[in-house]
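One-letter residues, chain by chain:
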Amino acid sequence: MKLYPVSRHIILYTFITLLGILCIVFFDYLGVFEGIDNYLYDLSFRIRAPLPPDERIIIVAIDEKTLEKYGRWPLKRNYYVPFLNTAKEAAVIGFDMIMAEPSEDDAVFAEAVREHGKVVIPVYIENRARISYPVKALSFVKTGHTHVEQGVDGVVREVFHTIASRDVMLTSMAAEMYETATGRPTDQFRILYRPERKNTDVLYQENLMNINFSGPPGTFPQISLADILEGTVPSSSLKDKIILVGVTAAGLGDRVLIPFTQKRNQMPGVEVHAHILQNLFNGNPIKIIKDWIRLMFSIMIALMCFFLFLKADEKTARFLWLCGLVIIPVCVFMLFSLNNIWMKPFLLLVSICFIYGMTYLIRLDEAARKLDMKYQTINARLEWDGAAGTRSISEKGLVSFLSPGGIHRKIERLLSVEQQYEKTLENTVRQRTEELSRAMTLIDTMSNEMILRLTRAAESKEFGTGEHIMRIGLYAGKIAEFLRMPADFVELITFASPMHDVGKIGVPDSILLKTGKLTDEEWKIMKTHTVLGEKILEQSSHAKIQMSASIALNHHERWNGTGYPRGLKGEDIPIEARIVMICDQYDAMRSKRPYKEAFSHQTTCRIIIEGCGRTMPEHFDPEVLRAFIELAPVFERYFDRFQHGTEPLFDTNP
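Counting of residues starts from 1 at the beginning of each chain's written sequence and follows it residue by residue. Note on the predicted model: pLDDT of at least 70 is required for a residue's local features to be given, and 80 or more for side-chain atom pairs to be given and counted; whole-chain, interface and lining totals, by contrast, use all residues. Only hydrogens and water are set aside; all other atoms, that is, all heavy atoms of the structure, feed into the side-chain values.

1. Some words on the overall build of the chain
Argument step 1. We count a stretch as a helix when DSSP gives it H or I for four or more residues in a row; a strand needs E for two or more, and each element gets its number in order from the N terminus. Counting secondary structure elements, the chain contains 21 helices and 15 strands.
Argument step 2. Counting all 654 residues of the chain, 45% fall into the buried class.
Argument step 3. Expressed as a percentage of contacts within the chain between residues at least 6 apart in sequence, the contacts between residues at least 24 apart total 72%.
Argument step 4. Areas reported here follow the Shrake-Rupley algorithm with a probe of radius 1.4 Å; residue values treat only the protein chains shown as occluding. Summed over all atoms, the accessible surface of the chain reaches about 35000 Å², with 58% contributed by carbon and sulfur. For every residue, the accessible area (1.4 Å probe, protein chains only) is compared with the maximum for its type, and the residue is labelled buried under 20%, exposed over 50%, or partly exposed between those bounds. Throughout, a residue-residue contact means that at least one pair of heavy atoms, one from each residue, lies within 4.5 Å.

Quick look at the structure:
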C-alpha cells in the first residue's frame, strides 16, 4: 500500500520521537536527572512546611552546658548511670555514641543498663566492612547500626534498616528501639544469610526507607543531660518516652545535611534518628513510586501528548504544554504532601518538552512542504503563460530551510514570481482602486443627498419648502471655516446641521402649526423635540449621523446655562451645537412664521449682538458670536439667494 508523502513524514517523525523518548529514559537510567529530582524532592519538604513532632520522642542532648559541667568529650560512662535511674520508666533508650573503647566505668554502666532492660547501643562500621562492637561488658545489650545513606550531594534522604556482610546482619538502631518499645518483632528488617556474601568485604544494604523529615534542626524537644543529672528534670516527665541520647554540641559528633538544611545548617545525627523513629512509630515514611511504574507512566503521557499536540492548533498546543509544566509539579507535590508519596517528575517534564519541540518541528515541516507545493502551482502557471526561466521545485520541506542555499533558492523563486506578476498586479490594483473610489464617491454622494432630501421632507411639515434647514448648513459651514475647524469637521457640520429639528416629527401638528402663543404645557411638549431628535439619530456608526444626534439634542443649549433640555453651560455644550444654535436663531428671525413676521437682516443682527430681552448675546459662545459678526454679510447674502428653492443650495458631492 502506497502512503501519501505527508503520512510518510509523520511516520518518520513519530519514529524519531519514540527514539528520542527512549534516549531520555536511558539518560534517566544513567542518573543524569538525579540532581534536579533531588532538588525538587528537597524543595517539596520546604514548601510543605514542618510537621508536628511525635511527643513521645525526646532527645537527651550532650550539649555545651553538659560539657562545661562534666568535662570534655567523651564523658565518663558513670555519668549515664543516674540518667538511667531517672529514666527507668522510659519506653526505650538509645545511645547514639560509640562505646567500643573500654573504660574504668564499664562495669557500673553495664549494671545500670542491665537493670533498666530497655537500652539499645549502636555498632560502628569501619573501613573494609569491619564492624566495631561495644565493649565486652556491654555484649548483652541490643545493638543496631546508625549508618544513614548520603546522596551524591551529601544530603541524607534515606536509611537502610538492614546491613549485611559475610555472615553478619545488622538492623538499624531505630528498628531495634522500635522493637524494644513496642514488643513487635522487626522481622521485616532482617534478611537471611546468603552464601554469596561469605568471605567478602562488600556491604549489602537492604530494606530501604526514605525518611519523612518533620522539620529542620530543633524540631524535636531536647533536654540537656546536665539538667537531668542535676535533678531538675523529674522522672515522671520521662515515663513511657522514647529517648535518644547523643551529642548536639557544636564541633562534636556526626552532623549531616537534610532537605530542610538548605542554608547548610547541619542536623546532629541523634536528631536524624529521631526522625527515623517517628516514621517507624507513625508508619509515615516517604514511599517512592517504583522506577518501572514511573517510566511506563512517563512514556504513556508523552505519547498521549504527542498525538494531542499534533491534533490541536498551535496556540492550543502551546497552552496545553504550559499547563502540563505547571500541573505536573503541582500534582507531584500534592501527592507528596497529602499521601507521603514521591514520584520523580523531571523525566516526565523533559519528555513533554521534547514532545512539544518535536510536534513544533513537524508543524514547521508541514508548513514548509505546503509552501513548496504552492511554489509548484505557481511555477506550473508561469510555464502555462509562457514564462521563461522557471524550474520545477522539489519538495524537501523543513530540510530546504536548514541551509543558506535552500533559503536563497526560495528567495530567488519569490523574486521571479514577483517580476512575472508585478506589472499585471499594478494594473489590476489601479483598475480596482479607481472602481472602488468611484463607488465610494457615489455612495457618499447618495448618502448626502438622501440625508438632505429626507431632512427637507421632515422640515416641510412646518415651513413648507424646507429652505430654512438648507441655509442652516451653509451658515454652519462658514462659521466652522472661520473658526479654523478641520476640513472634515466643516464637511460634517455642513451636512449634519440641517437635521437639527428632525425631532419635530414627533410633535403634534396642533402644537407645531399653532398660530397663537403656546401655553406652558404646549411649550413643554415643543421642547421635547430636542430629545426626540437625539433618540431618532442615536447609536449610529456613521460620523454624520453621530454629529446630527449631538446637534439635535443640544442646539437649544445656551452659553450661560439657561437653555434646554439639560441646561448645559459654556464648553460643556458641544462646539457643533454652539455653532448651529446661532445659525438657527438668525434664520428663524429672518423667516416668516405663522405666529410672527420676518425681521430684516439689520434688526436680526442687532437683536443677536445687543439683545432684546428674549434673545441675549450671553446666550452665545463668544467666539461663535465674533464669527457671526464677521460673517453677517455672508449670512445676508445666503438668505437672500436661497429663499425660494429656485437653485440647489450646495453641491452634495463631498
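2. Here we look at the pairing of strand S2 (residues 92-95)
Argument step 1. Both faces of S2 are covered, namely the face carrying Val92 and Gly94 and the face carrying Ile93 and Phe95.
Argument step 2. Whether two strands pair depends on DSSP finding at least two bridges between them. With 4 bridges connecting them, S2 and strand S11 (residues 242-247) associate as parallel partners. Residue pairing in the sheet places valine 92 in a bridge with isoleucine 242 of S11.
Argument step 3. Here S2 runs beside strand S3 (residues 119-125); their pairing, made up of 2 bridges, is parallel. Opposite glycine 94, over in S3, you have valine 120 as the bridge partner.
Argument step 4. Here the term right-handed applies to a crossover when the path leading from its first strand over the helix to its second strand runs clockwise, the strands being oriented away from the viewer. In this region the chain leaves S2, passes through helix H5 (residues 106-116) and returns to the parallel neighbour S3; the handedness of that crossover is right-handed.

3. Quick look at the environment of tyrosine 595
Argument step 1. Along the polypeptide, tyrosine 595 turns up in the loop between helix H19 (575-590) and helix H20 (601-610).
Argument step 2. In this structure, the C-alpha to C-alpha distance between tyrosine 595 and lysine 514, residues 81 residues apart in sequence, is 7.5 Å.
Argument step 3. Each residue touching tyrosine 595, except ones within four places of it in the same chain, is listed here: Lys514 and Thr515.

4. Observations concerning the pattern of salt bridges
Argument step 1. In the sections that follow, a salt bridge refers to a side-chain nitrogen of Lys or Arg positioned within 4 Å of a carboxyl oxygen of Asp or Glu. A complete count under the given rule lists 16 salt bridges for this structure.
Argument step 2. Between arginine 157 and aspartate 42 there is a salt bridge; the shortest N-O distance is 2.9 Å. Taken as a pair, arginine 157 in strand S7 (residues 156-165) and aspartate 42 in helix H2 (residues 34-48) lie far apart in primary sequence, 115 residues in all.
Argument step 3. You can call arginine 157 buried: its relative accessible area is 7%.

5. Focus: the layout of surface pockets
One water molecule sets the probe size; rolling that probe over the atoms shows where empty space is left.
Argument step 1. The computed volume of the largest pocket comes to approximately 1200 Å³.
Argument step 2. Here the term cavity refers to a set of points on a 1 Å grid, laid over the protein atoms alone, in which a 1.4 Å probe fits but cannot get out; the term pocket refers to an open set having protein on both sides within 12 Å along at least five of seven lines, with lining residues being those that place an atom within 4 Å of a point. As for the largest pocket, its lining consists of 38 residues, of which Trp523, His556, Tyr564, Tyr595 and Arg614 are closest to the centre.
Argument step 3. Elements with a minimum of two residues in the lining of the largest pocket: helix H12 (404-463), helix H15 (509-512), helix H16 (520-526) and H19.
Argument step 4. Sort the elements by how many residues they give to the lining of the largest pocket and H19 lands first, with 5 residues.
Argument step 5. For this classification, the nonpolar set comprises Ala, Val, Leu, Ile, Met, Phe, Trp, Tyr, Cys and Pro, the charged set comprises Asp, Glu, Lys and Arg, and every other residue, Gly included, is treated as polar. Its residues assigned to classes, the lining of the largest pocket shows 14 nonpolar, 11 polar and 13 charged.
Argument step 6. Grid points are joined across faces, edges and corners, and a volume is the space filled by probe spheres set on the points. In this structure, the second largest pocket occupies an estimated 600 Å³ of space.
Argument step 7. Along its surface, the second largest pocket is lined by 25 residues, and Asp96, Ile98, Tyr124, Thr146 and Asp254 are the ones closest to its centre.
Argument step 8. When residues of the lining of the second largest pocket are traced back to their parent elements, those giving at least two are S3, strand S6 (149-150) and helix H8 (269-282).

6. Some remarks on the nonpolar core
Argument step 1. In this structure, Met177, Phe213, Ile242, Val272, Ile276 and Leu277 are the most contacted members of the largest nonpolar core, which totals 57 residues.
Argument step 2. No other element matches helix H11 (residues 346-384), which puts 8 residues into this core.
Argument step 3. Once residues lying within four places of it in the same chain are set aside, the contact partners of isoleucine 242 are Arg56, Ile57, Ile58, Ala91, Val92, Met177, Leu277 and Phe281. Definition used in this section: a nonpolar core is a set of buried Ala, Val, Leu, Ile, Met, Phe, Trp, Tyr and Cys residues joined via side-chain atoms within 4.5 Å.

7. Topic: the pairing of strand S1 (residues 57-62)
Argument step 1. Of all 6 residues that make up S1, 6 are buried, and the element is covered over most of its length.
Argument step 2. The two faces of S1 match: Ile57, Ile59 and Ala61 on one face and Ile58, Val60 and Ile62 on the other face are all buried.
Argument step 3. One ladder, built from 6 bridges, connects S1 with S11; its direction is parallel. Paired with isoleucine 59 across the bridge in S11 is leucine 244.
Argument step 4. Pairing between S1 and strand S10 (residues 222-224): 3 bridges, direction parallel. Among the inter-strand pairings, valine 60 is bridged to a residue of S10, identified as isoleucine 223.

8. Thoughts on a nonpolar patch on the surface
Argument step 1. For patches, a residue must show more than 30% relative accessible area and have no salt bridge; joins then use 9 Å for like charges and 5 Å for nonpolar side chains, namely Val, Leu, Ile, Met, Phe, Trp and Tyr. A cluster of nonpolar side chains, Leu12, Phe15, Ile16, Leu19 and Leu22, forms an exposed patch at the surface whose accessible area comes to about 490 Å².
Argument step 2. Mapped onto the elements, leucine 19 comes out in helix H1 (residues 5-30).
Argument step 3. Its relative accessible area of 46% is what places leucine 19 among the partly exposed residues.

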